[in-house]
Amino acid sequence: MNKKAVALLEQWDPFDVGPKAYAHEIVDVVSDLQRLDHPTDLAKRIREIYEQSYKLWIPIEKCVQISYKLLAIKYEAKCIV
């Protein structure tokens, strides 16, 4: 699950700085993915993490979109196990 989540987040480039620029943020998001189950809660956390690092704001809609994809990966992994 973590590898799929990391791969998805590496493709997501909200600030157009390149896919390898978000290593620290990805670690934090994947960590929060383990404990959060609601798309809005995860989206808010994603926005906070990226905003802390880059001092730039991401529209919550973009964060919600990626949070749904991440949670789909999480639930798919739970069903397989």
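Residues numbered from 1 in each chain as written. Predicted model: local features only at pLDDT ≥ 70, side-chain atom pairs only at ≥ 80, totals over all residues. Heavy atoms only, no water.

A. Focus on helix 2 (residues 23-35). Taken as a whole, helix 2 has its buried residues at E25, I26, V29, V30, D32 and L33. Buried residues in helix 2, looked at end-on, bunch into an arc of 165 degrees, giving them a common side. Looking at helix 2, the residues exposed on the side facing more than 90 degrees away from the buried face are H24, V27 and R35. (Buried < 20%, exposed > 50% of the residue type's maximum accessible area, 1.4 Å probe, protein only. Helix = DSSP H or I, 4+ residues; strand = E, 2+ residues; numbered from the N terminus. Arc of directions from axis to C-beta.)

B. Geometry of the pattern of salt bridges. Inspection of every chain in the model, using the stated rule, returns 5 salt bridges. In this structure, E76 engages K4 in a salt bridge whose closest nitrogen and oxygen atoms are separated by 3.3 Å. Taken together, the positions of E76 in helix 4 (residues 60-80) and K4 in helix 1 (residues 2-11) put the pair 72 residues apart, joining distant regions of the chain. A residue is classified by how much of its surface remains accessible, and E76, at 40% relative accessible area, is partly exposed. Accessibility expressed as a relative area gives 46% for K4, which makes it partly exposed. A salt bridge links K74 to D37; its shortest N-O distance comes to 2.5 Å. One end of the pair, K74, is in helix 4; the other, D37, is in the loop between helix 2 and helix 3 (39-54), and 37 residues separate them in sequence. The structure contains a network of salt bridges with shared partners spanning D32, R35, R45 and E48. (Salt bridge = Lys/Arg side-chain N within 4 Å of Asp/Glu carboxyl O.)

C. Expanded view of helix 1. Where helix 1 is concerned, the buried positions are A5, L8 and L9. Considered in projection along helix 1, the buried side chains sweep an arc of 95 degrees and stay on one side of the axis. Opposite the packed face of helix 1, turned more than 90 degrees from it, sit the exposed residues K3 and Q11.

D. Local environment of the packing of helix 1 against helix 2. As a packed pair, helix 1 and helix 2 sit with axes 10 Å apart at the nearest point and diverge in direction by 135 degrees. The pairing of helix 1 with helix 2 is recorded here as oblique in orientation. Here helix 1 and helix 2 pass one another in a crossing that is right-handed. The residues of helix 2 that touch helix 1, namely those facing N2, A5, V6, L9 and E10, are I26, V29, V30, L33 and Q34. Taken together, the residues that form the contact of helix 1 with helix 2 break down as 7 nonpolar, 2 polar and 1 charged. (Axes fitted to C-alpha atoms, helices over the stretch in contact; angles between N-to-C directions. Parallel < 35°, antiparallel > 145°, perpendicular 65-115°, else oblique. Left-handed = near helix turned anticlockwise from the far one by under 90°. Contact = heavy atoms within 4.5 Å. Nonpolar A, V, L, I, M, F, W, Y, C, P; charged D, E, K, R; others polar.)

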